[in-house]
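Topology and contacts: notes
This is what each chain is made of:
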Amino acid sequence: LTVLRKAGESVKINWNEDRVYCSTLLSHQLVQFSKRFGKQDETIEAIFSSYFEKAQNISRIDVLVRIAREVGLDYEEARKYLQSGEGEEIVRREAREGRQKHKVTGV
């Protein structure tokens, strides 16, 4: 973690060591939703900040809906999307492909 902390500090990221490891499936689904509106970059930045700097649980729909609102997405539509499971198969397929092609096992 020391190496990550130093790297983060060089680009003004303040790592919060109180964060709890959690599933990122729903956060990846929110990124899929945000792509529809060209907001994926802002969404990814907000998710990273919420998790790594603010130690928020990004597996919770309420946290992700707040992020959606912060980046200018329709947060009620984002909530419906996340609750529906839409996008889950895309995320799972991309994870499989990442494991197969690039040996990626986590993000």
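Our subject in this report is the structure included herewith.

Reading the values: the criteria
- Residues numbered from 1 in each chain as written.
- Predicted model: local features only at pLDDT ≥ 70, side-chain atom pairs only at ≥ 80, totals over all residues.
- Heavy atoms only, no water.
- Phe/Tyr/Trp six-rings, centres within 6.5 Å; stacked < 30°, edge-to-face > 60°.
- Helix = DSSP H or I, 4+ residues; strand = E, 2+ residues; numbered from the N terminus.
- Buried < 20%, exposed > 50% of the residue type's maximum accessible area, 1.4 Å probe, protein only.
- Axes fitted to C-alpha atoms, helices over the stretch in contact; angles between N-to-C directions.
- Parallel < 35°, antiparallel > 145°, perpendicular 65-115°, else oblique.
- Contact = heavy atoms within 4.5 Å.
- Core = buried A, V, L, I, M, F, W, Y, C linked by side-chain atoms within 4.5 Å.

1. Regarding the packing of aromatic side chains
- This model, assessed by the stated rule, comprises 5 aromatic pairs.
- Look at Trp15 and Phe52: their rings are 5.0 Å apart centre to centre, the planes differ by 85 degrees, and that puts the pair in the edge-to-face class. Placement of Trp15 in the loop between helix H1 (2–10) and helix H2 (25–35) and of Phe52 in helix H3 (residues 40–53) is noted, with a sequence separation of 37 residues between them.
- Judged by relative accessible area, Phe52 falls into the partly exposed class, the value being 23%.
- Between Phe33 and Tyr81 the ring centres are 5.1 Å apart and the planes differ by 45 degrees, which places this aromatic pair in the tilted class. One end of the pair, Phe33, is in helix H2; the other, Tyr81, is in helix H5 (residues 75–84), and 48 residues separate them in sequence. The same class applies to Phe33 and to Tyr81, which are both buried.
- Ring pairing ties together the aromatic residues Trp15, Phe48, Tyr51 and Phe52, which thus form one cluster.

2. Considerations on the packing of H2 against helix H6 (residues 88–102)
- Following both chains from N to C, one finds H2 and H6 inclined at 110 degrees, their axes separated by 9 Å at the closest point. Between H2 and H6, the crossing angle belongs to the class labelled roughly perpendicular. Mapping the contact onto sequence places Leu25, His28, Gln29, Gln32 and Lys35 in H2 and Glu88, Ile90, Val91, Arg92 and Glu94 in H6.

3. With respect to H2
- When you tally the buried positions in H2, you get 8 out of 11 residues, the bulk of the element.
- Considered for burial, the residues of H2 that qualify are Leu26, Ser27, Gln29, Leu30, Val31, Gln32, Phe33 and Ser34.
- Where H2 is buried, its residues meet H3, helix H4 (61–70), H5 and H6.

4. What about the nonpolar core?
- Counting residues in hydrophobic clusters, the biggest one holds 17 residues, and the most contacted among them are Leu30, Phe33, Ile47, Leu64, Ile67 and Leu82.
- Broken down by secondary-structure element, the contributors of at least two residues to this core are H2, H3, H4 and H5.
- Leave out the neighbours within four places in its chain, and Phe33 touches Leu73, Asp74, Glu77, Ala78 and Tyr81.

5. Comments concerning the environment of Glu94
- By the secondary structure assignment, Glu94 is in helix H6.
- Excluding its chain neighbours within four sequence positions, the residues that come into contact with Glu94 are Gln32 and Lys35.

Limitation: the analysis is restricted to geometry and does not speak to function.
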